[in-house]
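Read off the chains here:
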Amino acid sequence: MAAALERSFIEICGFERETQRRCREVTVNLGLNALPGGKFPDSAGAFHYEESGKLLSVTSNRFIHWSTCGDSVQFVELSLDTNLLNNAVKLRFSHCAVLPGGVSVQETLSNVVVLVCTNQSVHRLVLPHPTRMYRSELMTEQHMQSIFTDVGKLSLQDGPHSAAIPNAGNYTSSPNSATCWISHKGEAHYALATPTGGITVVTLPPHDTQGTNSSSAHAPLQSSLTEFEFSQEEYRQLQVEFWAKFYACCLQYQEALALPLGLSVSPHTGLACLLKKGFVSFLLPCFAVDHLYLSFDKYLVSEDETPITEDPDVARDVFQIAQCLRLVSDAVSGEMSFEMEKALDQLESPERAAELVLDNMLSTDSENVIEDIQNKLQDVRNPVSAMNVLLREMDLETDAEPPEPPLSSAQPLLTRLGLSQLYGSSTAVAMVCQTVVTVAMTRTQFCRDLLILQKLYLRFGDNVFLGGGAQLLQLQQDLIPRCSHLLSSYYLLKKITQTLASSVPVDIIDANLQHLSVLELSDSPALSPNRTALNPQTVVELFYQTAARRNIVSQIYSQRNSEAELLQWGHMTSSLVHLLAQMLWPSNPGFQFPECLMSNCQYTQLQEYVRLVGPWCQVNIGSCRFMLGQCYLNNGEGQKALQCFQEAANEVEKEEFLMKLTGTEDEEAASTPRLQYYNKVLRLLEDVGLPELVIQLSTLAVTEAAGEPGSQAALWTRIFKHHLDLGHNSEAYEALTQNQDSSMQMDCLRQLVVVLCERSQLQDLVQFSYVNLHDEVVNIIESRARSLDLLAHNYYELLYAFHIQRHNYRKAGTVMFELAMRLGREVRTRAGLQKQVNCYLSALNCLRLIRPEYAWIVQPTAGATYERPGASPKRDSDGEFTSEPVRGQVDILELPDLEKEYILSRSRLTLAQHHPPSAAIAGSASAVEMVSLLVQTGLFDGAVSLCQTFKLPLTPVFEGLAFKCVKLQFGGEDVQNEAWAWLAVNQLSTVVNTKESSAADEAWRLLASYLERFSGDGRHHRHVIAKLLSHAVPLPAWITAAYKAVDAAALLRLYLNFDLLDAAAELVMEYVDAVLGKGHQYFGIEKPLSATGPLVWLPYTAIDQLLRALSETQTNTCIYNKLRDKLDEYQRSVDQATKRRLTTRSAFPNLSRS
């Protein structure tokens, strides 16, 4: 630890760094009249709690200070550990003046008692003691209420609080000084001294029970303006003039507030404060090397004042060197000091800048300062040793990174809580960090002057160097570079300790931490909840609050000799300042400060920090490049960031921060620290959304992962993913083919298929060669096709195109056939039916492109099912156990089979087009079912075509058409009008739509045309007549005439079946006449009955049934008789013809044989 002197102090003022204090004002008016004179000098004092030196006390590092001015006294309670709320109050005593020494603060077990004595009155405020204000001993809040919080609620004019001094109106006996105290009985005693030498004691019995001064430059400026117009230059001059006046007012105001009024030293901790009119400043022990440089010669008279070396000869030389440095400091002009600082800021050589300053000193030395310096240097016996001591004393470099805080769960809870708050208040933060600023500024100037002095030594040469050339060489090759390095380091500390932190919204910080979470820096500095306690706040104060304080306090705690040492002012503040400066020192391995800036979005400040350390600091080079990359990343300069990340990779195994960055990597594939580092950076780039940079860095990492298949596969997968996301389909496919891990390759292939299909980039997907991956692609597409909604995805079309591209027509046809089958089952819409027709047509076209012997496909039979991805082998879709595994059954389908399916699907579409509701049931309807549906809709031509294709009977067609004819025959006008639509669909030679022709007439004509077209054996007539008769519809003459010519016997049986006896009898009689030769052509009889003609016959069974039915009723007697007569006539003719045939056969036997 650097030596600190307990007899030399530096003053640290937090006036400019504290948030504007809200000082409440309370007026106490006892109705007194003002006395003549009565003006006393301002005074100040302080009170330190008895337990302010105890770590676990609520009053540790806590004190009250006050200042008086005229009729008022202002109290402020401060704590170095906790921020106190409502901690300032000003008491104003009307028409009174506070006496010198007339303020006292004392504490009891339960209260803090404030005593105030004025020239006319005495006052007592009884406030709660801090230990009584909080219920729990575990004080973990960073903000606590001050004892002055409720002072405004007290009735200070009442007797227990205030009293007028007897005879105070007598000017000659009016007191001019006082003292006050509390007795052991709780009485308040006030001893008042008068100018005449008398002392009056006033006793009160035991008690039971900000202002701001801101000037404005705008008001005088506006009042100086008249109605005349001013030029820009004149207006600017006025602005400069009045702003200068305003600035002078501010300086005067600050100077007035900075007037020292008292000095306070805590008897418990040694806390030293300089009490001023407007604020309090702290006195911290001065480090020995700073004491040497800052002290004037008249205060530094002996080498005993330099406790930085035990060698008296070296101490004497150090003393002489320090005197020379002060001479150099006085000789450096303000202009040259500015030039030196500018050179450091612009990263120019400090040595070269020092030479320029020295040249200026030599050319402007009118007071022979150089000669005085030369004379003193001649008294230095060993300047190299002395300079070594000074450089070593100022060098804050340590050998290793600060150890982890030793505070673990093994420590007592109260101890951990006490240490967690120690020196954590805004006051302590400002004090410690301002001390570092002061030290950095002092030592920057110290190193500057020492470097100039060293350059001067080189100029003097042997004239001052008693050791000769060896020491000159050591000075040039060792001491000057070290001093130059220290100068750059302290200048860096000076810059960063004065750099303000940017105000960043909490949501942006949260988003930043979210991005950084991918780096898995588990011990990264967390965001402090009281960041805005100081306003404005420097980056070092931010660092101290969020990260450094806890680490520093833990180090001090681990190195303590006793618990009391933790709260000893001199030791604690020196340790805090020194350790904080070490954590900021750029040449130390610790890297917490830049990490804190990164975590708190201070990227502008972080970039400036990296710029300042870049050329000369050889520690944490890679870590700084990484941080610079983070800055570029935050600024949107991705390519620059990537370059920095790549440069940092060279130091991964050398620097603590980068090793910590890669130490949490849990991926087994990344076996080397370098690859682990790449993985972290890749995650970061992915998280901030820079896929192009991810691809570039992954491509670089692939070349370094040679011999590590797992790492290479992961990198190729990353490259594939981001190329695919960016729409670089060809590059994504190329990355996929380079992946040697089969599992990852399959995942990538599956993703490629899905994404390109969703983007409708099917051309790209189909045209890739897929070397050695053909079957896998097909399996993926088939699996997706069979598991997803048909209308939302087009995987079947993709697979069809895939096979067509490769001239695999049979598989392409199979795909279309499968799609058509699923469409029929799953998509019950007209669009689905249209698509089904197209699919069957495509399948047909595919098979027609194949040689006939190979023009076939495989179709699952009705008992087979498609395997569903992820389906249980033991349960069905309802979750029930299956009786036995489903065995695959297949049928071979050839072109004719596909043509049938095509025709069937086309009929489904036709049905849906003419009757949309039918689409819901037509999709999976069989040919037989479709015939029925077509007939119901009136699409008889389609039904006939379907029957012919599938070799189905036409019976449903004729029966259906007959039924429609019946409906039209007896239907109303609406039925007639609706019929024209389906009549127009069916192919008639002509459709007559005139007044003379009705829809019923056209329907009958259509039926007649079908019967004529498919007359055959007359079975269609029979079905039509049966349908008509079943509905009691009289048979049209044309249909009976037509059927008689085909099968009169069948017509007779129909008549009998429907009990049409008259029609049956009439038919039999006509039939007999036809057999006998009368109208035989109407019954299809080529030759009537004759001896030489062919044999003829009558349906005797049906005739017998008719005769019997006629004989059973009286009403049919006439018809019965006529029929009997006709039959008798027939029998006679048959007998005659038979006899003639027999006679002819006997006469011409050879004729009968022929």
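Every chain's residues receive numbers from 1 upward, in the order its sequence appears when written. Per-residue local features are limited, in this predicted model, to residues with pLDDT of at least 70; the limit for side-chain atom pairs, both in listing and counting, is 80 or more; totals at the level of whole chains, interfaces and linings are taken over all residues. Water and hydrogen atoms play no part in the side-chain values, which are based on all heavy atoms of the structure.

1. Describing the overall build of the chain
Part 1 of the argument: A count of helical and extended segments in the chain gives 43 helices and 20 strands.
Part 2 of the argument: The classification of residues rests on relative accessible area computed with a 1.4 Å probe and restricted to protein chains. Under 20% of the type maximum is buried, over 50% is exposed, and intermediate values are partly exposed. For the chain, the proportion of its 1154 residues judged to be buried stands at 48%. Where helices and strands are cited, they refer to DSSP runs of H or I of at least four residues and of E of at least two residues respectively, numbered from the N terminus.

2. A closer look at the nonpolar core
Note that soluble globular proteins tend to have their nonpolar side chains buried in a common cluster.
Part 1 of the argument: Working definition of a nonpolar core: buried Ala, Val, Leu, Ile, Met, Phe, Trp, Tyr and Cys residues. They are joined through side-chain atoms within 4.5 Å. Judged by nonpolar contacts, the single largest core of 294 residues is most densely connected at Leu 580 and Tyr 677.
Part 2 of the argument: Counting residues per element, this core draws most heavily on helix H11 (residues 426-460), at 17 residues.
Part 3 of the argument: Sequence-distant contacts of Tyr 677, defined by excluding residues within four places in its chain, comprise Phe 626, Phe 645, Ala 648, Ala 649, Val 652, Leu 658, Leu 661 and Thr 662.
Part 4 of the argument: Among the nonpolar cores identified, the runner-up in size contains 25 residues, and Val 73, Val 114, Leu 127 and Phe 148 belong to it. Here, two residues are considered to be in contact whenever any of their heavy atoms come within 4.5 Å of each other.

3. Regarding the pairing of strand E15 (residues 199-204)
Part 1 of the argument: Strand direction decides the pairing type here: strand E14 (residues 188-193) and E15, joined by six bridges, are antiparallel. Counterpart to Ala 188 in the pairing with E15 is Leu 204.
Part 2 of the argument: Each pair of strands is called paired provided DSSP finds at least two bridges between the two strands. Count of turn residues in the E14/E15 antiparallel hairpin: five residues, of which Gly 197 carries a positive phi of about 105 degrees.

4. Some words on the sheet that holds strand E13 (residues 177-182)
Part 1 of the argument: Pairing within the open sheet is antiparallel, and its three strands lie in the order E13-E14-E15. In the strand order of this sheet, the two ends are held by E13 and E15, each with one partner. Along the sheet, successive strands turn relative to each other by an average axial angle of 15 degrees, direction set aside. Note on geometry: axes are lines fitted to C-alpha atoms, helical ones only across the stretch in contact, with angles between N-to-C directions running from 0 to 180 degrees.

5. A look at the sheet that holds strand E9 (residues 111-118)
Part 1 of the argument: Across the sheet, four strands lie side by side as E8-E9-E10-E12; this open sheet has antiparallel pairing. The two strands at the open ends of the sheet, each matched to only one other strand, are strand E8 (98-107) and strand E12 (162-164). Taking the axes of each pair of neighbouring strands and ignoring which way they run, one obtains an average angle of 10 degrees across the sheet.
Part 2 of the argument: Sheet analysis places E8 next to E9, joined by six bridges and oriented antiparallel. Within E9, the position partnered with Glu 107 by the bridge is Val 112.

6. Some remarks on the side chain of Glu 655
Part 1 of the argument: For Glu 655, the position within the fold is in the loop between helix H19 (638-648) and helix H20 (656-663).
Part 2 of the argument: A residue counts as positive if it is Lys or Arg and as negative if it is Asp or Glu; His and the chain ends are not included. Within this document, salt bridges are pairs made up of a side-chain nitrogen of Lys or Arg and a carboxyl oxygen of Asp or Glu, the two lying within 4 Å of each other. The charged side chain of Glu 655 is buried without a salt bridge, its nearest counter-charge being Lys 654 at 7.7 Å.
Part 3 of the argument: Pairing of N or O atoms within 3.5 Å defines a polar contact, subject to two protein rules: one partner must be a possible hydrogen donor and the other a possible acceptor, and residues neighboring in sequence count only if both atoms are side-chain atoms. Within the local environment of Glu 655, its side chain forms a polar contact with the backbone nitrogen of Ile 621, the two atoms lying 2.8 Å apart.
Part 4 of the argument: Other than its neighbours up to four places away in sequence, Glu 655 contacts Asn 620, Ile 621, Gly 622 and Ser 623.

7. Section: helix H14 (residues 539-558)
Part 1 of the argument: The terminal C-alpha atoms of H14, which comprises 20 residues, lie 27 Å apart, in line with the 28 Å expected from a rise of 1.5 Å per residue.
Part 2 of the argument: Here the bend at each residue means the angle between axes fitted to two seven-residue stretches, the one ending at that residue and the one beginning there. Considering bend angle alone, the principal kink of H14 is centred on Ala 548 and spans about 60 degrees.
Part 3 of the argument: Among the 20 residues that make up H14, 18 are buried, leaving the element largely enclosed by the rest of the structure. Multiplying 1.5 Å by the helix residue count minus one yields the expected span of that helix.

8. Looking at unusual backbone geometry
Part 1 of the argument: The phi dihedral of His 95 falls on the positive side, at around 60 degrees, and the residue is not glycine.
Part 2 of the argument: Residue placement: His 95 occurs in the loop between strand E7 (88-93) and E8.
Part 3 of the argument: Located in the positive-phi region is Asn 772, a residue other than glycine, with phi close to 65 degrees.
Part 4 of the argument: Assignment of secondary structure puts Asn 772 in the loop between helix H26 (762-767) and helix H27 (774-787).

9. A few points about helix H25 (residues 742-758)
Part 1 of the argument: Its 17 residues place the ends of H25 24 Å apart at the C-alpha level, agreeing with the 24 Å of an ideal helix rising 1.5 Å per residue.
Part 2 of the argument: Among all positions in H25, only Gln 745, Cys 748, Leu 749, Leu 752, Val 753, Val 754, Val 755, Leu 756 and Cys 757 are buried.
Part 3 of the argument: Here the buried face of H25 lies against helix H23 (709-725), helix H24 (729-738), H26, H27 and helix H28 (795-805).
Part 4 of the argument: Its side-chain oxygen 3.1 Å from the backbone nitrogen of Ser 743, Asp 741 forms the N-cap of H25.
Part 5 of the argument: Immediately beyond the C-terminal end of H25, within one or two residues, lies Ser 760, with a positive phi of roughly 65 degrees.

10. Examining the environment of Ile 508
Part 1 of the argument: Positionally, Ile 508 belongs in helix H13 (residues 506-516).
Part 2 of the argument: Distance from Ile 508 to Cys 601, taken between C-alpha atoms, is 8.1 Å for residues 93 residues apart in sequence.

Functional significance is not addressed by these values, which are geometric in nature.
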